[in-house]
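An overview of the molecular structure
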Amino acid sequence: MSFINVKIQEQQQQPEELQEEEEQEHEDSLSLCQRCKELDLDRIFNGPCLDLDPGSEMVLSLGVLDKDSRCGLCRFFYSMRRPSVTGETTGLYHLRKYRFDTYYHGWRLRDSTLWAVDAGSGCKDRKKWGGVAPSLPDLNDKPYLCFLPQSTQPRPYPERTLKGLPVSETYIFYPLLRYWINVCEGHPNCSYLNSDLGNSRSGPVIRGVDCTSRKIVDLQPGDKYIALSYVWGHKPLVENKGGRVLPTKVSKVIEDAMVVVKKLGYRYLWVDQYCINQHDDQDKHAQIKNMDRVYEGSHATIVAFSGLDSSSGLPGVSSTPRIPQPRFTGSRVTLVGFTPSITRPSSEASIWVKRGWTFQEAHLSRRLLIFTQEQVYFLCSRGWWVESCTPRRRMIGERNTSNGSKPFLHRAEAPMTLISPLTRSPVSKCESQLRVRITRLLDLIGGFTRRQLSFQLDALDAVRGLLSRVPVLSYWGIPVYDFRENRKGGFAVNASKADALFLEGLSWQPDGTATGADYLGRRTGFPSWSWLGWRILATFRHYRWPKKICSTVRVENNDGTLLSISNLVELYGAEVKRSRMLPERTTYLWLEGLVLGLGFQPGSRRHGGEMCFCLDHPLGCSDDVTEGSCAAKCDHVRVKVSFRMNVKGSEDMLKRTLKRKWTCLLIIESYTISTAIHDLLILDEGDDAAYCVGTFSLKDRASDRSILEKLKAKVPHEYRKVRIG
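Since we're looking at a predicted model, the values are computed, not measured. Counting starts from 1 at the beginning of each chain's written sequence and moves along it residue by residue. Under the rules for a predicted model, residues below a pLDDT of 70 receive no local features and side-chain atom pairs below 80 are neither given nor counted, while totals for whole chains, interfaces and linings still include all residues. Each side-chain value is derived from all of the structure's non-hydrogen atoms; neither hydrogens nor water enter the calculation.

Describing the overall build of the chain
The following threshold applies: The secondary structure listing takes helices from DSSP runs of H or I that are at least 4 residues long and strands from runs of E that are at least 2 residues long, numbered from the N terminus. Here's how the labels work: a residue is buried when its accessible area is under 20% of the maximum for its type, exposed when over 50%, partly exposed in between, all with a 1.4 Å probe on protein chains only. The criterion used for residue contact is that any of the two residues' heavy atoms lie within 4.5 Å. Here the Shrake-Rupley method, with its probe set to 1.4 Å, supplies the accessible areas, and only the displayed protein chains count as covering residues.
Secondary structure assignment for the chain yields 21 helices and 32 strands. Relative to its 725 residues, the chain shows a buried fraction of 55%. Across the chain, contacts joining residues at least 24 apart in sequence account for 73% of those joining residues at least 6 apart. In the form shown here, the chain has an accessible surface area of approximately 31600 Å², with 49% of it arising from carbon and sulfur atoms.

Right, dumping it as structure tokens:
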């Protein structure tokens, strides 16, 4: 039976107050003004989809709209108003239809139309739009910025265009959610076996809450369970002191999640508060290490996207209402608001989006049910569906899975690789080339550093599951080498290439968008040369080839011996094969290369106000070179310096930074046709070890490739080993 037939039956069983609300709305919509009575709504909204160029077409001038109008259709149009594309503030509006492109097996299909109420006169002359062709700008600025005619046909797939579905404030249509999951189970990249992942016995036993008996049970291989991804917040934990039965009263989000699990036809819910024994440190540590397999092995993950803490319920499930969906019901057509992706305000207000642990939970889940204040979103490796429109064989944002491309993550495609239209995160396609794989890994790392952690020592554990599933070796989060298992079962690692990639990874920088408030200082327990060692937004440059290694790399082992990267891979081969990560033995590196003593200066406006290094004054500001005069005279020979701490956080800090002579270690050089780029680490040397506090790069111009020789003639330098922790 199609889900629409099911919907008709279930609507007949809805609570009486919901039916009365819909009947009252229908009566109000019959009070139309004279203009709206003369409109052929069926022709306007149920006509064929046109190949619109440049993507939109004006349908009707609406003039001035009044929110208190007695006309139900005018009030609906008022509720759907969008801001002006060109800044017009005339108070006039017009109805416009847009082409909504979809993709199916790599083909771009212009088979859908949606409607919006835009500000402005709606004149077809582009010159009156300031030269801007009308399009669909900022589709996700707020919920229900566009609308669709509601589906009334008893078939699951409209033939030509999207059709809308009503979204209740207090009721979720669970047959639609079940339909999403059933279709997704036929996707090859989403349908791997549970026994292959979370329920395998290579790790600790996974427990689940039996939503019927409220008992906490050990899950058996093959048991399907739903995981919950949410924010704890600062609410006190409702304890069960390690017992195997839930307390009588638990957090609202957990109660709502149990309702959803039962409504979807499943039995078990995994939730960290009770499926991890919070009173047994050994079990807690083992289960935390295994959380990546928990989410990867779950049949689906419920995401409490809008929850402030565990006391916030899932919108629409019990007592937490959702944002009302604009709706107009006429005699021949019903119009409903449509939100194709998570809105920007929802994303910015979501604490879940900002938390560190939820980043990995979402990436490793095979399918997500995202509960927001507007509607429920379904997301898997192929695309996504939304509650406010009918599903089709072509998912919204469907990606090409017919070309035989391998999934990026180790087991299957991650739903969050398609999260870009939902939260504007970077998306990279999976490719077989080493460069692309590393680039995708660096995108993940950059995304994770934008998240917050309640306990800073969780930094590596909160991303370990992702690092262990990418086809790139890493050491303390820094890329080392593309993992390749040879036919003999060993490992083929090119030592020089591994060193080159690792050294370039050490030159990561704070993101250019970071402000002073984003520089939160060191994260203890992690090396200063890794992004894990700093609470700052991190970014990596695109990896460049060819390279010249300028420093030898050795890793300090627990017993004090020094090992190369390739030696580490050979020594810990079994662990590397399983985890894709070199074991973190100590936080110390030994680098040997050219060491220069350099000074820095305040940056000019061209450098964004950051610290700079002046090639003509490599020892920094002196008595005869003031801060202002150097910026004026030497701007063309100054390069930006990226410190990992906020050196401009105080006047005293800035003065000490300017007066110091910093130890700078040349680690690697990259070459293009016209330029040579020299990467240096900025070190703060102590009695026992140095700490990496920043990086910068020097570029040789095509006409002058002797910049290092000129520097060595001006500043003290030597070749020596440096221990960096």
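Structural notes on the sheet that holds strand E17 (residues 384-386)
What counts, and what does not: Note: two strands are recorded as paired if DSSP finds a minimum of 2 bridges between them. Axis geometry follows a simple rule: fit a line to the C-alpha atoms, using only the stretch in contact for helices, then measure angles between N-to-C directions, giving values from 0 to 180 degrees.
One open sheet holds the eight strands; their spatial order is E9-E8-E11-E10-E12-E15-E16-E17, and the pairing between them is mixed. Unpaired on one side and paired on the other, strand E9 (216-218) and E17 mark the two borders of the sheet. Strand after strand, the sheet turns through a mean of 30 degrees between neighbouring axes, direction not considered. Inspection of the sheet shows strand E8 (residues 207-210) paired to E9 by three bridges, in the antiparallel sense. In the sheet register, Arg-207 faces E9, and the bridge partner there is Asp-218. The strands that helix H6 (residues 174-184) touches are strand E15 (367-371), strand E16 (376-380) and E17; relative to E16, the one it contacts most, it runs at about 5 degrees.

What to know about the pairing of strand E7 (residues 146-149)
The alternating pattern of E7 places Cys-146 and Leu-148 on one face and Phe-147 and Pro-149 on the opposite face, and all of these are buried. Pairing between E7 and strand E14 (residues 334-338): four bridges, direction antiparallel. The residue of E14 that forms the bridge with Pro-149 is Leu-335.

Looking at unusual backbone geometry
Positive phi outside glycine occurs at Arg-214, with the angle close to 65 degrees. Tracing the chain through its elements places Arg-214 in the loop between E8 and E9. The phi dihedral of Trp-476 is positive, around 55 degrees, even though this residue is not glycine. In this fold, Trp-476 is placed in the loop between strand E18 (472-475) and strand E19 (478-482). Look at Trp-476 and you get buried, because its relative accessible area is 8%.

Remarks on the environment of Pro-602
Position of Pro-602 among the secondary structure elements: in strand E26 (residues 601-602). On the accessibility criterion, Pro-602 (15% relative accessible area) is buried. Each C-alpha atom, one on Pro-602 and one on Thr-657, is 9.7 Å from the other, the two residues being 55 residues apart in sequence.

A short note on the environment of Asn-494
Among the secondary structure elements, Asn-494 is positioned in the loop between E19 and helix H16 (495-505). Relative accessible area serves as the criterion here: at 36%, Asn-494 is assigned to the partly exposed category. Put simply, Asn-494 and Tyr-481 are 13 residues apart on the chain and 8.3 Å apart in space, counted from C-alpha to C-alpha.

Overview of helix H20 (residues 651-659)
Structurally, the α-helix is built with 3.6 residues per turn, so residues lying three or four positions apart point the same way. We apply this condition: Directions pointing from the helix axis toward each C-beta atom define the arc.
Three or more residues of H20 are buried, namely Met-653, Thr-657 and Leu-658. The arc enclosing the buried residues of H20, seen along the axis, measures out at 130 degrees, which places them on a common side. Exposed positions of H20 whose direction lies more than 90 degrees from the buried face are Glu-651 and Lys-659.

So, the pattern of salt bridges
Side-chain pairing between opposite charges can occur once the charged atoms of the two side chains come close. Spelled out, the test is: A side-chain nitrogen of Lys or Arg and a carboxyl oxygen of Asp or Glu constitute a salt bridge if their distance falls within 4 Å.
Tallied over the full model, the rule gives 21 salt bridges. The closest approach of N and O atoms between Glu-255 and Arg-214, which form a salt bridge, is 3.1 Å. Placement of the pair is Glu-255 in helix H7 (residues 252-263) and Arg-214 in the loop between E8 and E9, with a sequence separation of 41 residues. Taking the relative accessible area as the measure of exposure, Arg-214 reaches 22% and is therefore partly exposed. Among the salt bridges present, the one from Arg-450 reaches Asp-511, with a minimum N-O distance of 2.7 Å.

Side note on the packing of aromatic side chains
As a reminder, the rule being used: Here a Phe, Tyr or Trp ring, Trp counted by its six-membered ring, pairs with any other such ring whose centre lies within 6.5 Å, and the pair is stacked when the planes are under 30 degrees apart, edge-to-face when over 60, and tilted otherwise.
Evaluation of the coordinates by the stated rule reveals 21 aromatic pairs. Aromatic side chains Phe-76 and Phe-77 sit 6.2 Å apart centroid to centroid with 55 degrees between the ring planes, which places their arrangement in the tilted category. Given a relative accessible area of 3%, Phe-76 falls into the buried group. On the basis of relative accessible area, Phe-77 is assigned to the buried category, the value being 1%.

Concerning the confidence of the model for the chain
The condition that has to hold: Confidence of the predictor in every single residue is expressed as pLDDT, which spans 0 to 100.
Predicted confidence across the chain gives a mean pLDDT of 77, with 72% of residues reaching 70 or more. Below pLDDT 50 for its whole length, residues 400-414 participates in 37 contacts with residues either more than four positions away or in separate chains. This stretch, residues 622-629, has a pLDDT under 50; its non-local contacts, to residues over four places away or in other chains, come to five contacts.

Things to note about helix H21 (residues 707-714)
Within H21, burial applies to Ile-707, Leu-708, Leu-711 and Lys-712. Taken around the axis of H21, the buried residues stretch over an arc of 135 degrees, which confines them to a single face. The exposed residues of H21 that point more than 90 degrees off its buried face are Glu-709 and Ala-713. Those residues of H21 that are buried are in contact with strand E25 (589-598), strand E27 (611-614), strand E29 (662-671), strand E30 (676-685), strand E31 (690-700) and strand E32 (717-724).

A look at the state of the cysteines
Convention followed: The disulfide criterion used throughout: a pair of cysteine sulfur atoms within 2.5 Å.
Inspection of every chain in the model, using the stated rule, returns zero disulfides. Distance from the sulfur of Cys-389, which forms no disulfide, to the nearest cysteine sulfur (Cys-146) is 9.9 Å.

Thoughts on the environment of Ser-642
Tracing the backbone shows Ser-642 in strand E28 (residues 638-643). Along the chain, Ser-642 and Trp-508 lie 134 residues apart, while their C-alpha atoms are 9.2 Å from each other. If sequence neighbours within four positions are ignored, Ser-642 has contacts with Gln-509, Pro-510, Val-693, Gly-694 and Thr-695.

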